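What follows is each chain in one-letter form.
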Amino acid sequence: MTLSLPAVFGRALHGLFGRLAVGLRAIGGEGPGALLRQHSFPGLLLRRALGRSPRRSGRTRLGFRGRATLVVHPAHVRSVLAALRAEGYGFLASVHGVDYHPDEPRLGVHYELLDMTRVDRITVKLRVPTDAPVVESVTGDWPTANHQEREIYDMFGVVFTGHPDLRRILMPEDYEGHPQRRDFPIGGEPVLFTHNERETPGWFE
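J.: Explanation requested: the pattern of salt bridges in the structure shown.
T.: Two side chains bearing opposite charge may form a pair once their charged atoms approach each other closely. By the definition in use, this model includes 8 salt bridges. With a closest N to O distance of 2.8 Å, R106 and D183 form a salt bridge. With R106 in the loop between β4 (91–99) and β5 (107–115) and D183 in the segment after β8 (159–161), this pair connects stretches of sequence that are 77 residues apart. Of the residues examined, D183 reaches a relative accessible area of 43% and is grouped as partly exposed. Between R168 and D154 there is a salt bridge, with its nearest N and O atoms 2.4 Å apart. Taken together, the residues span a long stretch of sequence, with R168 in the segment after β8 and D154 in helix α4 (residues 145–156) at a distance of 14 residues.

Following this line, the structure appears as structure tokens:
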């Protein structure tokens, strides 16, 4: 669901947030009103633009847990992160993967940014489909993303183009599949205890 914004949000986006508008797209929509989805607004950044505190709008709460969130098109993630860095969000605290199974686009990548001066956080989210799980690497701009992108590639199968060393980081190189996808088969070996060791075939071998 794309959030329908009151007029004040449109005016605000032409100010401070308007500088981020180039390249920002919500999944399934375009324009200032479609930049924001049902997640969080604002942190200090949006409050400065609006000049007021978070409030409710219909059934969608703005300011969910005090975290500002931008949902962007995968093709524009580098430019969006660069714009946020220029606004003071210079610390990339985390990059992690998400599986929205069974929805499509199914695979997500979340970037957690921190403004260490104002102690304010903002999340940038994108989603890619399983038949084309590709997004540009941000390691060249944010070196801390190197190993985190490799982990997302390993666990979820998202391919980061332009990454300097994209290979598995937790699983063996010849491992098949991506263990943190929600449809990954759960297997394993039985754990031996004294109460079941004789019921487990080959326990003595």
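That covers the picture; the talk isn't over yet.
J.: Can you help me understand the nonpolar core in this one?
T.: For soluble globular proteins, nonpolar side chains are generally found buried alongside one another. Among the nonpolar cores identified, the biggest contains 27 residues, and Y111, L113 and V158 are the most heavily contacted of them. For this core, the elements supplying multiple residues, two or more each, are β3 (68–71), α3 (77–86), β4, β5, β6 (120–128) and α4.

J.: So what exactly am I meant to see when it comes to the environment of P164 here?
T.: Along the chain, the position of P164 falls in the segment after β8. On the accessibility criterion, P164 (57% relative accessible area) is exposed. Between the C-alpha atom of P164 and that of T139, which follows or precedes it by 25 residues, the distance is 7.9 Å. P164 has contacts with T139 and N146, leaving out every residue within four places of it along the chain.

J.: Explain the sheet that holds β3 to me, please; I cannot follow it from the model alone.
T.: Strand pairing in a sheet is mediated by backbone hydrogen bonds. Such pairs are either parallel or antiparallel. Here 4 strands make up an open sheet; going across it, the order is β3-β6-β5-β4 and the pairing mixed. The sheet is open, and its two borders are formed by β3 and β4, each paired with just one other strand. Across the sheet, the axes of successive neighbouring strands diverge by a mean angle of 20°, strand direction being ignored. As judged from the 4 bridges shared by β3 and β6, these two strands associate in the parallel manner. Bridge pairing in β6 places A68 opposite I122. Of the strands in this sheet, β4 and β5 touch α4, which is tilted by about 5° from β4.

J.: Sorry if this is basic, but what is going on with the pairing of β5 here?
T.: Successive side chains on a regular strand alternate, one facing one side of the sheet and the next facing the other. Burial within β5 is extensive, with 9 of its 9 residues counted as buried. Of the two faces of β5, the one holding L107, V109, Y111, L113 and D115 and the one holding G108, H110, E112 and L114 are both buried throughout. When β4 meets β5, the two strands line up antiparallel, connected through 8 bridges. Residue pairing across strands places S94 opposite E112, the latter belonging to β5. Hairpin connection from β5 to β6: 4 residues lie between these consecutive antiparallel strands, with V119 at a positive phi of about 55°.

Calculation notes
- Residues numbered from 1 in each chain as written.
- Predicted model: local features only at pLDDT ≥ 70, side-chain atom pairs only at ≥ 80, totals over all residues.
- Heavy atoms only, no water.
- Salt bridge = Lys/Arg side-chain N within 4 Å of Asp/Glu carboxyl O.
- Helix = DSSP H or I, 4+ residues; strand = E, 2+ residues; numbered from the N terminus.
- Buried < 20%, exposed > 50% of the residue type's maximum accessible area, 1.4 Å probe, protein only.
- Core = buried A, V, L, I, M, F, W, Y, C linked by side-chain atoms within 4.5 Å.
- Contact = heavy atoms within 4.5 Å.
- Pairing = 2+ DSSP bridges.
- Axes fitted to C-alpha atoms, helices over the stretch in contact; angles between N-to-C directions.

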